[in-house]
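Structural overview for review
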Amino acid sequence: MSIWNRPGASLLVVCAALVVCAALSSCGYHVAGQADLVPKTVHTVAIPPFANATVRYKLSDLLPEAISREFIARTHYQIVHDPTQADAVLRGTVINYVAYPTLIDQATGRTSGLQVNVRMDVSLVERSTGKVIFARPNFEVHERYELSVSNDTQYFDESGAGLQRLSVDVSRDVVTSILENF
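Residues numbered from 1 in each chain as written. Predicted model: local features only at pLDDT ≥ 70, side-chain atom pairs only at ≥ 80, totals over all residues. Heavy atoms only, no water.

**Some thoughts on the side chain of serine 171**
To keep things clear, this is the line we draw: A run of H or I in DSSP becomes a helix once it reaches four residues, and a run of E becomes a strand once it reaches two; helices and strands are each numbered from the N terminus. Polar contact is the term for a pair of N or O atoms within 3.5 Å; when the atoms are in protein, one must be able to donate a hydrogen and the other to accept it, and sequence-neighboring residues count only if both atoms are side-chain atoms. In this description, contact between two residues means that some pair of their heavy atoms is separated by no more than 4.5 Å.
Tracing the chain through its elements places serine 171 in helix 3 (residues 159–180). A polar contact is formed between the side chain of serine 171 and the backbone oxygen of valine 168, at a distance of 2.7 Å. Apart from residues no more than four positions distant in its own chain, serine 171 is found in contact with Ala66, Ile67 and Glu70.

Next up, the structure:
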């Protein structure tokens with residue numbers, strides 16, 4: 001007589017399947033990167049202007065503004081202006097800025113596209129303890145933009161828009177990294 005023909009065999013199979021499912025669901029498996037790095041005591045964050053060791057002065061202002069907007073849009077933390085009044089302070093330094101041509105107009109020999117590489121240091125520190133909550137030293141980002149030519153003598157420089165896009169990309173990456181423990 002086969003095991004499947006015995007009375008209660010289907011009940012045995014169902015019970016075994018339930019035991020296997022229960023064992024697999026309690027094995028501790030979880031999706032990586034879902035833990036919040038920020039301590040529960042942190043409710044306010046200050047993001048002062050970044051230090052800047054480059055000649056691109058606007059970038060050190062654009063980055064904190066974009067990161068502040070991203071924190072406001074995606075978190076419950078209140079952004080404050082005064083670092084002495086914040087529970088945590090996010091500081092950054094623009095270490096290096098390099099722009100080089102990627103496209104050259106063959107007719108005129110002029111540059112029509114640029115690649116921008118920016119290296120920075122970003123950290124979030126709990127103000128009361130000095131504990132580093134998040135740090136990304138030598139954080140590199142890249143952005144491309146084009147120089148539009150309206151005629152032979154006038155260029156429309158899109159570097160401002162390119163740096164704006166770069167700062168939005170950096171803000172998403174930094175806030176995601178802080179929130180998801182990457």
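On we go from here.
**Details of the pairing of strand 4 (residues 88–104)**
A regular strand places its side chains on the two faces of the sheet in alternate fashion. Test applied: The pairing criterion is simple: DSSP has to find at least two bridges between the two strands.
Examined bridge by bridge, strand 1 (residues 44–46) and strand 4 share 2 bridges and lie parallel to one another. Pairing of alanine 46 across the sheet is with valine 89, part of strand 4. Where strand 2 (residues 51–52) lies against strand 4, 2 bridges are found, and the strand directions are parallel. For alanine 51, the partnering residue across the bridge sits in strand 4 and is threonine 93.

**Quick word on the side chain of glutamate 126**
Rules: Burial classes follow relative accessibility: with a 1.4 Å probe on protein chains only, a residue under 20% of its type's maximum area counts as buried, one over 50% as exposed, and anything between as partly exposed. Here the positive residues are Lys and Arg and the negative ones are Asp and Glu; neither His nor the chain ends is included. We define a salt bridge as a contact between a side-chain nitrogen of Lys or Arg and a carboxyl oxygen of Asp or Glu at a distance within 4 Å.
As for its position among the elements, glutamate 126 is in strand 5 (residues 111–126). Among buried charged residues, glutamate 126 stands out as having no salt bridge; its nearest opposite-charge side chain is lysine 131, 5.3 Å away. There is a polar contact of 3.2 Å between the side chain of glutamate 126 and the side chain of threonine 41. Among the polar contacts made by the side chain of glutamate 126, one reaches the side chain of threonine 129 at a distance of 3.1 Å. The contacts of glutamate 126, once residues within four sequence positions are left out, are Pro39, Thr41, Val42, Asp87, Ala88, Lys131 and Ile133.

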